[in-house]
Protein chains: 12
Amino acid sequence: MTTESVANSVQLPPLDNPHERAAVGAELQVLLQDLIDLSLIGKQLHWSVVGPVARSVHLFIDELVGEWRELADVVAERAVTLGSVPDGQSSAVAAGSRVEPVVVRSMPDHAVVWELGRRAAAVAERIRARLGSIGAADLVTQDVLIKVVGTLEKQQWLLRVQLGEKA
Amino acid sequence: MTTESVANSVQLPPLDNPHERAAVGAELQVLLQDLIDLSLIGKQLHWSVVGPVARSVHLFIDELVGEWRELADVVAERAVTLGSVPDGQSSAVAAGSRVEPVVVRSMPDHAVVWELGRRAAAVAERIRARLGSIGAADLVTQDVLIKVVGTLEKQQWLLRVQLGEKA
Amino acid sequence: MTTESVANSVQLPPLDNPHERAAVGAELQVLLQDLIDLSLIGKQLHWSVVGPVARSVHLFIDELVGEWRELADVVAERAVTLGSVPDGQSSAVAAGSRVEPVVVRSMPDHAVVWELGRRAAAVAERIRARLGSIGAADLVTQDVLIKVVGTLEKQQWLLRVQLGEKA
Amino acid sequence: MTTESVANSVQLPPLDNPHERAAVGAELQVLLQDLIDLSLIGKQLHWSVVGPVARSVHLFIDELVGEWRELADVVAERAVTLGSVPDGQSSAVAAGSRVEPVVVRSMPDHAVVWELGRRAAAVAERIRARLGSIGAADLVTQDVLIKVVGTLEKQQWLLRVQLGEKA
Amino acid sequence: MTTESVANSVQLPPLDNPHERAAVGAELQVLLQDLIDLSLIGKQLHWSVVGPVARSVHLFIDELVGEWRELADVVAERAVTLGSVPDGQSSAVAAGSRVEPVVVRSMPDHAVVWELGRRAAAVAERIRARLGSIGAADLVTQDVLIKVVGTLEKQQWLLRVQLGEKA
Amino acid sequence: MTTESVANSVQLPPLDNPHERAAVGAELQVLLQDLIDLSLIGKQLHWSVVGPVARSVHLFIDELVGEWRELADVVAERAVTLGSVPDGQSSAVAAGSRVEPVVVRSMPDHAVVWELGRRAAAVAERIRARLGSIGAADLVTQDVLIKVVGTLEKQQWLLRVQLGEKA
Amino acid sequence: MTTESVANSVQLPPLDNPHERAAVGAELQVLLQDLIDLSLIGKQLHWSVVGPVARSVHLFIDELVGEWRELADVVAERAVTLGSVPDGQSSAVAAGSRVEPVVVRSMPDHAVVWELGRRAAAVAERIRARLGSIGAADLVTQDVLIKVVGTLEKQQWLLRVQLGEKA
Amino acid sequence: MTTESVANSVQLPPLDNPHERAAVGAELQVLLQDLIDLSLIGKQLHWSVVGPVARSVHLFIDELVGEWRELADVVAERAVTLGSVPDGQSSAVAAGSRVEPVVVRSMPDHAVVWELGRRAAAVAERIRARLGSIGAADLVTQDVLIKVVGTLEKQQWLLRVQLGEKA
Amino acid sequence: MTTESVANSVQLPPLDNPHERAAVGAELQVLLQDLIDLSLIGKQLHWSVVGPVARSVHLFIDELVGEWRELADVVAERAVTLGSVPDGQSSAVAAGSRVEPVVVRSMPDHAVVWELGRRAAAVAERIRARLGSIGAADLVTQDVLIKVVGTLEKQQWLLRVQLGEKA
Amino acid sequence: MTTESVANSVQLPPLDNPHERAAVGAELQVLLQDLIDLSLIGKQLHWSVVGPVARSVHLFIDELVGEWRELADVVAERAVTLGSVPDGQSSAVAAGSRVEPVVVRSMPDHAVVWELGRRAAAVAERIRARLGSIGAADLVTQDVLIKVVGTLEKQQWLLRVQLGEKA
Amino acid sequence: MTTESVANSVQLPPLDNPHERAAVGAELQVLLQDLIDLSLIGKQLHWSVVGPVARSVHLFIDELVGEWRELADVVAERAVTLGSVPDGQSSAVAAGSRVEPVVVRSMPDHAVVWELGRRAAAVAERIRARLGSIGAADLVTQDVLIKVVGTLEKQQWLLRVQLGEKA
Amino acid sequence: MTTESVANSVQLPPLDNPHERAAVGAELQVLLQDLIDLSLIGKQLHWSVVGPVARSVHLFIDELVGEWRELADVVAERAVTLGSVPDGQSSAVAAGSRVEPVVVRSMPDHAVVWELGRRAAAVAERIRARLGSIGAADLVTQDVLIKVVGTLEKQQWLLRVQLGEKA
């Protein structure tokens, strides 16, 4: 028995058809790129925030970045579990991410909060729109994405409250 | 750009319509009140349990109360994430909770176990009945509630076995 | 020897007369209800605070709530040690607590600090007024209450400084 | 009130009908037996692996065994929560498990990885096929099983990559 | 300057007169002997408890013994701080302790609880009776003793509730 | 030099003759199967215990199971160190273990304690009878078995005291 | 409502009259300066101790300094809680502290112990003399000071025993 | 089946005859009393040591006392495992221990070391003399005693080196 | 005094002239982009490594990525300390990094090690070439870069040894 | 051989000439006094800060004070390693420190940040100016000072960003 | 009483005659030298291992070295407890150790495993041959050596399995 | 591509010429041997120290040995990073180390301190003399050596102060 033939016999998880597998893989790659981009933008703002609550925002961003990195890892590992190798390198992220970059300069704390809140909300909203179709193909991946949406929406709230009085 | 306008532009998670958002918010508020009430009743019995296994029950209740407080926090934060501020103060809990109060006196350990088991079961059963309709509106909230039901049903088992021989 | 007779022979701590024991028990029950109410109001504001320093206040309130829950436990356990079972359930707290409820809506961070500061101060002041008479009846209970007052007054300071420039 | 009557009144979680409850219980028992069998086979290979990467595989298997034991506990506790006592003893596992035993002798590291990968994949695949019907009966049990499938499929990936170059 | 003369010049804490210093020292020595005796009796019962809740009592006693050892250390160190060396050896404890020994044989769990509860209560009561006179001589020692009484009375409650239904 | 020849030159520990090596290996295999069986029966009863002290027993069993798993690992690793690969899979355990299975149903707490106590005692007694002959062949293996007997006999005591008043 | 008016309405703790408040504040400021001075002198000797037990003294001083810094923080925070801002800067400490400086050179270990012992004793004695009058004004501050005296007197003992044979 | 009859059927570990069991139990009881006495004398000297290395000795004694308490627990639990309840109360220790008491007064550090060293050595020597006969009766108890001797002899060395230059 | 004028008066660290400050900032920005790129490529290979030692490489890469992220943070914070805001977002990294991307597919373990080793070496070599000129401008930045080079060169060794037999 | 002669033979680290040794010692003493002064001023502002972000500043100052105390210890220990005993007592700090005191009253949070930022910058700048000459005499001391400057400049940045928008 | 005479009176552990004491001491010294040599050779190979599993071997060796250092400490401390001072310095180890040195160059991972396995086996075998005679002189030392043999034989197994397929 | 050719392409760090690389490697090898020798001599004295402060010295030496082992590891890993495999085995250390051995017998505590102090000072001094030339070849290695010198010089101080009164 050769190593090659061995490798073939530990099969991939049985999604219903190749089309579904490819579709789920494509979703996960885009989400991975969005999450990596969020984490890079987060660090960027971690270094450039200024203003009276800069320290609080500086520390809070590190928590967000930690969550985004963790989610990115979970998403990428789900993709390779299903047989796709997504691209999470800088060029691919720059090309594929749907998250807007920020300007490179010192930025007031309230603007930082607003920039992050908008981006987290946009990523959450895009995934939420796909939960149904993903669930039809693979409940395990859907469960992963529900966690991603739940986390991003909670972040959205924690950022939103720093901006004013409305719930 | 004013702070006001900024606050408006970090949108709430996109549930399908205002009716659904209000319905989900209302469910979460009642569940919050039930969970807070369970935690207060739990502490009450923690202080008033007597009998041969009082120490074991006294310690176990603190674990239950810890879980109820944690679940209450998760439920309340999901509500505000969706744009509702639920009321978790004593008057609102006293008025809105569907959990029965206990009598205020020393209570034998087996009775304490029975009182807590019935109440945890009742709260679990009420949420379970709503899982379907909540899931139709918002899979993330449904996921939160599945965790709440799962935790309460496990507690139910752990309490039930202390009462006799049937599985 | 029956269990009943055994129970009778482990006596209560020897306060000087039944009147004193009842009076101390009554004080502890009211204080318990105030502390539980503070902890519920604290969580309420933890969920509804908004504004530039909302995150800092959100985190700080969880420390305060932790201290109030801990103090409530100590107070309730002192009461049952002395032979009273105080009522810490939602209806009793709603009826017996002397702490004002807050309005249920998003609340600006500075207002949250002010609301909590006023309530912590009021509870501290009411206990301080009773330290002398409690001490005459029971030095151990007095020692518990001195800790409660000291903790609340330190919280008062930590809240007060967030409101302006006067010491 | 007797202890007996007390025991009866803390009801089981309200699955829709007795047939469903039995069916879910039966699924959980078989899964429990598969997971216990995986954990015993895992330890067997932990002791008998040889070859250049034997140490790495030896350590990795202990992580897998830890996860299988943990999942077995969760599955068994869900079963008793629903009113079934599954059989997890050696004879029942030997009779009911659908996992193939391994030969008892020193085994090269790559073969160990292949044997474990195939077995983890087979168990995952069998549960995945039941997710839909279980979900129709009980969303909480379905949520437990989604976690089991997700964990086993991730293990499948981590084992598969040790066997060769294909994703 | 010799070591002798140096030693003389770091004075003892300034209690008001030699009589008071001796009286406080004598109180602390007797309390030390009571606490050491409680800790030895506690271990004795830790080893000899039998019955349905033997395990819970066995574990609880180790917590009590830990607290008694800690209190004994605090009491002895306060005595030497004030210039007395109390005697905590077995003969002195056997002769000076006012705590009754227990019979040496297996003892049912409820009897163990009762024996410990009575002895903890008796020690607490004896110290409580001296709090006033000690406080007049030395507020620091009084503060130590208030902690001892508070701890013993809380233990009394935790033991008492294991014996029956009265608060 | 080939890998094969290398493997041959790291010799096994020098027991005096092949007969002794086989005999020690056979003892270790049977003991391994008994210990694995104890651990499976322990979990079985962890899930099915009911009654007033069910929680205490439920938690205690997890400590016992942890010790049995740890001892099984030590025993199996001593066997492979000496050149035998013992069989610890479900069929081998079902066939070779001398530990009686338990009935599969809810079981009262005192019966659970009795069932475990009898089984732990029986396993301990069987090993104790072999300590002398094992020691003559290999002092290191004897030392391992003395630890196993010591642990099982301590468990026997901890279980026995939960059943009644005799030492 | 302005921030100014808000600040005024979270009142200071209700000591009986302005005179008492000022007197308590003055006591706390002097004590703070003494404790800071002790901590600076402690570090000075930590760096300059020589002799056979220099290492033991070097390490012990760091524990003392840790306790003095902690007490200084408690004392300063009690002062600001009562409405005074004490001065803990180097010039104020140099001017206001009643603790003697030490010579700046290598100092033998026994002399270091003697120097610290005398200074800790002197600070303790000064506070002890004020416990009564402070207690009449504010029991919470008295409780803080009893802790300070108790800690300093225990340190006195631990230093004294290193100097010779008298208790 | 009654609880009584159940208790009888979990047998004691099978020592060869009643005489041996009694002899082993008697040895363990005397050793227990020696170890408890060592721990009480150790605390006595912990409180009364003075001199240049008093702090080092003070801290070291607490480690010794911790080891003696731990060994006493192991010895007592081995005794009850074998069916004896030894007496570890103050009167029994005062009467049965073969360890000499120390004088009650401040004691120079080197004398403290010498007093402890002699006593630890004497206890070790007495047990060493019994290792052979105990081993003939019960290898598990012998193993416990070898640990006790090994620990005491290591303490002897650690104390001996503090007294002078010979190895 | 306005916030603006305040901000101006906390000056930047005094590097000798604007040219030097800009040059150091430019170096730090390029290094930051290289380090971020290494961390993204590292994760990419963490997900796509296959082969017999894939698990070991998978785990090792996470340690490397952790170090690269930590170094990136230190480098970026040194840049902003000196008054530059470097750009660490995906487009800037894709454009500015001098680290080659890897192909997106499963990659054999030894190739992964080789790819990472080459890239770490190249980044180290580029910084090493600048140590002298940076040190002439700012010793603190030079010290940061010496740490970066030292870390990368150690990684180079740890990767290199996995590729063959030469030191 | 006497202790005196022994002491002489463990030589000081070999700086090139007495003049250099004295110069380095003098630098370290002044820096020590500056760092102690920073730590005292830091605590002063920790107690007196008021305003909306008072809590965040209050907590941040404790981190700064911890770093200043740690650096002071490192600096003082380097001085005594080189044979100087620097003076770190309150009078010497008051006289020798080049750090300006602050006014003693409640101070708004932004002013506190500004006061600390200016002082940290001034101390950093003074050390930076001496790095070259110190390095010529002793590279080890230079390395210590580079760490001090690096830490102070990072603090400068973290404070500066709280004051406004410029990098 | 002089210190000299004190030192004499804390006797050595009572081995039966001077010849036995010397023989045991000599055995322990040789074993100490072997264990130190193993630890130095282990580090040597930790630094020079190369090849595909170099990282795994590099990490594993550090665990082995940690165990060898720990065993060496236990062996040396047993020797001095018995009155011998063994020589563990480099020249004595070089002269007395029976462990072969390795060549100084990069070494392939499988060769490293083989070199370590042979040496650990040889040391184990030499001690095993002396267990009987040591046990006749001193059971405590025998117990120490049984632990050493057991540890080395387990290491032998863990190394052996990395070399090929035989058990 | 063969493994050989791969190994060649991950280059060594770019020191300027082969002569420099060899010179730096030779320095590191000698330093490694000195540090290993210090660690062996340290353990030797850890086992043989006697006298009043023997315990303090015994514990302190273990800290020193821990630091020397850690530094040896750093030095050896820097050497292999630069392409040399240094020899750290017992014969090479015995031959190459410049540290004097100590006599093998019990040694008074003050002499132990003196012996260690002289040896640590000598090693530090030899490295200090090479800092300049090493720095000219490789700033990273110089940075490693500055840490070694700094650590050894601090140890020198900590040992020196135990010997007498001069700074």
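Structure first, text after, so check above.
Here is what the cut-offs are and how they apply
Residues numbered from 1 in each chain as written. Chains lettered and ligands numbered in written order. Predicted model: local features only at pLDDT ≥ 70, side-chain atom pairs only at ≥ 80, totals over all residues. Heavy atoms only, no water. Contact = heavy atoms within 4.5 Å. Buried area = accessible area lost by both parts, 1.4 Å probe. Salt bridge = Lys/Arg side-chain N within 4 Å of Asp/Glu carboxyl O. Polar contact = N/O pair within 3.5 Å; in protein donor to acceptor, adjacent residues only side chain to side chain. Helix = DSSP H or I, 4+ residues; strand = E, 2+ residues; numbered from the N terminus. Least-squares fit on C-alpha atoms with pLDDT ≥ 70 in both. Phe/Tyr/Trp six-rings, centres within 6.5 Å; stacked < 30°, edge-to-face > 60°. Lys NZ or Arg CZ within 6 Å of the ring centre and 35° of its normal. Axes fitted to C-alpha atoms, helices over the stretch in contact; angles between N-to-C directions. Parallel < 35°, antiparallel > 145°, perpendicular 65-115°, else oblique. Nonpolar A, V, L, I, M, F, W, Y, C, P; charged D, E, K, R; others polar. Buried < 20%, exposed > 50% of the residue type's maximum accessible area, 1.4 Å probe, protein only.

A.B. asks: Mind showing me how you'd approach the interface of chain A and chain I here?
C.D. replies: The figure often quoted for interface size is the accessible area lost as the parts come together. Contacts between the two partners involve 31 residues from chain A and, on the opposite side, 31 residues from chain I. Of the roughly 2400 Å² buried where chain A meets chain I, counting both sides, 58% is carbon and sulfur surface. Between the two partners, chain A and chain I, sit 2 salt bridges. Where A:Asp73 meets I:Lys43, a salt bridge forms, and the shortest distance between an N and an O atom there is 2.7 Å. In this assembly, chain A and chain I are joined by 14 residue pairs in polar contact (both at pLDDT 80 or more). Elements with a contribution of two residues or more to the side of chain A that touches chain I: α2 (18-48), α3 (54-81) and α4 (90-96) of chain A.

A.B. asks: Can you help me understand the interface of chain A and chain C in this one?
C.D. replies: Listed as interface residues are 12 residues of chain A and, on the opposing side, 11 residues of chain C. Summed over both partners, the interface of chain A with chain C buries about 960 Å², with 58% contributed by carbon and sulfur atoms. Applying the counting rule to chain A against chain C returns 1 salt bridge. A:Glu63 serves as the salt-bridge partner of C:Arg55, at 3.2 Å between the closest nitrogen and oxygen. At the boundary of chain A with chain C, the tally comes to 2 residue pairs in polar contact (both at pLDDT 80 or more). Of all the secondary-structure elements, those providing two or more residues to the side of chain A that touches chain C are α3 and α7 (139-160) of chain A. Take the side of chain A that touches chain C: its biggest share by element is 3 residues, from α3(A).

A.B. asks: Looking at this structure, I do not really get the arrangement of the chains. What am I missing?
C.D. replies: No part of chain B reaches chain H; the closest C-alpha pair between them is 16 Å apart. Taking C-alpha atoms only, the smallest gap left between chain C and chain I, which are not in contact, amounts to 16 Å.

A.B. asks: What is the right way to read the relation of the copies chain A and chain I from this model?
C.D. replies: Both copies of the chain are placed relative to one another by a rotation about an axis and a shift along it. Screw-axis analysis of chain A against chain I gives a translation of 0.0 Å along the axis, an RMSD of 0.0 Å, and a rotation angle of 180 degrees. The transformation just described matches what one would write down for a two-fold rotation axis. Across chain A, the smallest distance between a C-alpha and the rotation axis is recorded for A:Ser90, namely 2.6 Å.

A.B. asks: Even after reading the chapter, I still don't get the packing of aromatic side chains, so can you show me in this structure?
C.D. replies: Given two aromatic rings, one states the distance between the centres and the angle between the planes to describe the pair. If you walk through the whole model with that rule in mind, you get 0 aromatic pairs over all chains. The ring of G:Trp114 carries the charged tip of G:Arg118 above its face, separated from the ring centre by 4.6 Å.

A.B. asks: Any chance you could explain the packing of helix α7 (residues 139-160) of chain C against helix α7 (residues 139-160) of chain E here in plain terms?
C.D. replies: Angle between the axes and distance between the axes: these two values describe a pair of packed helices. At a minimum axis distance of 9 Å, the contact between α7(C) and α7(E) shows a crossing angle of 100 degrees. Classed by the angle they form, the pair α7(C) and α7(E) counts as roughly perpendicular. The residues of α7(E) that touch α7(C), namely those facing C:Leu139, C:Val140, C:Asp143 and C:Lys147, are E:Gln142, E:Asp143, E:Ile146, E:Lys147, E:Val149, E:Gly150 and E:Glu153. Classifying every residue of the contact of α7(C) with α7(E) by side-chain character gives 4 nonpolar, 2 polar and 5 charged.

A.B. asks: In this structure, what is going on with the pattern of salt bridges? I would like to understand it.
C.D. replies: One side chain can pair with another of opposite charge once the charged atoms of both are near each other. Here the structure, examined in full by the defined rule, presents 192 salt bridges over all chains. The salt bridge partner of A:Glu115 is A:Arg118, with a shortest N-O separation of 3.8 Å. In this pair, A:Glu115 and A:Arg118 are both assigned in helix α5 (residues 109-128), 3 residues apart and thus about one turn of the helix distant. The class for A:Glu115 is buried, based on a relative accessible area of 14%. Since its relative accessible area comes to 26%, A:Arg118 is described here as partly exposed. For the salt bridge of K:Asp138 with K:Arg78, the shortest nitrogen-to-oxygen distance reads 3.0 Å. One end of the pair, K:Asp138, is in the loop between α6 (131-137) and α7 (139-160); the other, K:Arg78, is in helix α3 (residues 54-81), and 60 residues separate them in sequence. Since its relative accessible area comes to 0%, K:Asp138 is described here as buried. Accessibility expressed as a relative area gives 5% for K:Arg78, which makes it buried. A single network of salt bridges, built from pairs that share partners, joins A:Asp143, A:Lys147, B:Asp143, B:Lys147, D:Asp143 and D:Lys147.

A.B. asks: I would appreciate a short explanation of the relation of the copies chain A and chain C in the present structure.
C.D. replies: Least-squares fitting of chain A to chain C yields an RMSD of 0.0 Å, with the superposition described by an axial translation of 0.0 Å and a rotation of 120 degrees. In short, the pair behaves as if placed about a three-fold rotation axis. Of all interface residues in chain A, a mere 8% are interface residues in chain C too; the two copies therefore contact each other through different surfaces.

A.B. asks: Which parts of the structure should I look at to understand the environment of C:Asp37?
C.D. replies: On the secondary structure map, C:Asp37 appears in helix α2 (residues 18-48). Sequence separation of C:Asp37 and C:Val93 is 56 residues, and the distance between their C-alpha atoms is 6.5 Å. If we ignore the near neighbours within four places in the chain, the residues touching C:Asp37 are B:Ser90, C:Val93, C:Ser97 and C:Val99.

Coordinates in, geometry out; function isn't part of it.
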